[in-house]
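This is what each chain is made of:
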Amino acid sequence: MTESLKIAYSPCPNDTFVFHAWAHGKVPGAPALDVTFADIDITNGMAERGEYDVLKVSYAVLPWVLDEYALLPCGGALGRGCGPLVLTREPGVELTGKTVAVPSERSTAYLLFRLWAADTLSDGVTNVVVLPFHEIMPAVRDGKVDAGLVIHEARFTYRDYGLHCLADMGQHWESTTGLPIPLGAIIAKRSLGSERLRALAEAARTSVRMAWDDPEASRAYVLSHAQEMDPAVADQHIGLYVNEFTADLGESGYAAVRGLLTRAAAEGLVPPLGRDALGFV
């Protein structure tokens with residue numbers, strides 16, 4: 001496996017931390033990577049168009065892409081206490097009839113938001129606008145939208161914008177299902193073949209373990225792509241989103257993904273999954 005594979009993942013600290021070793025040729029026997037940095041909304045679109053060999057995408061987009069891509073059992077983002085938040089300028093805002101900014105209508109955050117809204121808002125979701133995730137908190141602060149659904153490091157920084165947390169989507173998911181929160185997935189083209197897919201999964205897993213073994217090795221790479229993020233926030237970001245599920249989804253990880261997509265299909269939000277759709281090969 002010597003040829004370069006085209007991969008796209010976000011410049012967020014968890015992704016650059018996870019892929020540092022592999023992207024820099026430090027994983028023995030792994031193929032070289034031709035890396036493109038793109039936010040999750042962009043990579044979701046890449047997956048739907050069948051672009052790139054390997055992609056970091058939202059779990060929410062899987063029902064549309066699993067014919068062409070396989071879910072790798074490692075390298076992604078699941079966890080507990082790490083879900084998206086709904087933020088407002090004032091506490092206790094009633095969202096009925098209000099405008100909510102979201103990072104993508106194909107994001108896992110949006111799926112969790114829709115499931116939360118179905119359970120807690122009498123009239124469900126009303127007006128939704130899509131904004132890049134880094135523009136959402138300023139838009140809420142400046143009154144351009146009534147509320148914002150935020151992801152990533154916004155969990156640690158929203159108070160700096162004078163905002164209030166109206167609801168925690170992950171907390172709602174965990175309390176109603178008992179499962180970890182599925183956020184971002186690593187997928188690879190099925191056309192690469194079963195043997196190569198297994199090798200890619202092992203390369204991703206090794207890259208994760210190498211990052212844990214020597215966190216300082218990736219620090220310059222992480223901070224250079226972290227969009228002027230405070231180093232302490234970057235460390236919090238990594239600590240929250242890179243965990244045991246990143247090394248291996250395991251039984252509870254797969255259960256969380258199936259649970260999310262099954263519930264979403266029942267609400268008519270995504271197409272139903274086939275029985276073996278999440279199979280690794």
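Residues numbered from 1 in each chain as written. Predicted model: local features only at pLDDT ≥ 70, side-chain atom pairs only at ≥ 80, totals over all residues. Heavy atoms only, no water.

**With respect to unusual backbone geometry**
- Even without being glycine, tyrosine 52 reaches a positive phi, approximately 70 degrees.
- Mapped onto the elements of the fold, tyrosine 52 is located in the loop between helix H2 (40-48) and strand E3 (54-58). (Helix = DSSP H or I, 4+ residues; strand = E, 2+ residues; numbered from the N terminus.)

**What to know about helix H12 (residues 250-266)**
- Across its 17 residues, H12 extends 24 Å between first and last C-alpha, which sits within 8% of the 24 Å expected from 1.5 Å per residue.
- Buried within H12 are the following residues: Gly253, Tyr254, Ala256, Val257, Gly259, Leu260, Leu261 and Ala264.
- Residue glycine 268 follows H12 closely and has a positive phi angle near 75 degrees. (Expected span 1.5 Å × (residues − 1). Buried < 20%, exposed > 50% of the residue type's maximum accessible area, 1.4 Å probe, protein only.)

**Structural notes on the environment of leucine 112**
- Checked against the element boundaries, leucine 112 lands in helix H4 (residues 108-120).
- Every residue in contact with leucine 112, bar those within four places of it in the chain, is listed here: Pro84, Met169, Trp173, Ile181, Leu183 and Leu260. (Contact = heavy atoms within 4.5 Å.)

**Observations regarding the side chain of threonine 108**
- Note that threonine 108 resides in helix H4.
- With a relative accessible area of 3%, threonine 108 lands in the buried category.

**With respect to the packing of aromatic side chains**
- One pass over the structure, following the stated rule, counts six aromatic pairs.
- Considering the side-chain rings of tyrosine 9 and phenylalanine 19, the 4.6 Å spacing of their centres and the 10 degrees angle between planes classify their relative orientation as stacked. With tyrosine 9 in strand E1 (residues 5-9) and phenylalanine 19 in helix H1 (residues 13-23), the pair connects residues that are 10 residues apart, well separated along the chain.
- Using a relative accessible area of 1% as the deciding quantity, one classes tyrosine 9 as buried.
- Judged by relative accessible area, which is 1%, phenylalanine 19 ranks as buried.
- Put simply, the rings of Tyr9, Phe19, Trp22, Phe37 and Tyr221 touch in pairs and so form one group of aromatic residues.
- Directly above the aromatic system of tyrosine 52 lies the positively charged group of lysine 6, at a separation of 4.5 Å from the ring centroid.
- The aromatic ring of tryptophan 64 is capped on one face by arginine 106, whose charged end is 3.7 Å from the ring centroid. (Phe/Tyr/Trp six-rings, centres within 6.5 Å; stacked < 30°, edge-to-face > 60°. Lys NZ or Arg CZ within 6 Å of the ring centre and 35° of its normal.)

**So, the pattern of salt bridges**
- For the structure on display, the rule yields 12 salt bridges.
- A salt bridge links glutamate 51 to arginine 49, with the shortest nitrogen-to-oxygen separation between them at 2.8 Å.
- A relative accessible area of 55% means that arginine 49 is categorised as exposed.
- Arginine 263 is paired through a salt bridge with aspartate 119; the nearest N and O atoms lie 3.5 Å apart. Residue arginine 263 is found in helix H12, and its partner aspartate 119 is found in helix H4; the two are separated by 144 residues along the sequence.
- Linked by salt bridges that have partners in common, Glu202, Arg205 and Asp248 make up one network. (Salt bridge = Lys/Arg side-chain N within 4 Å of Asp/Glu carboxyl O.)

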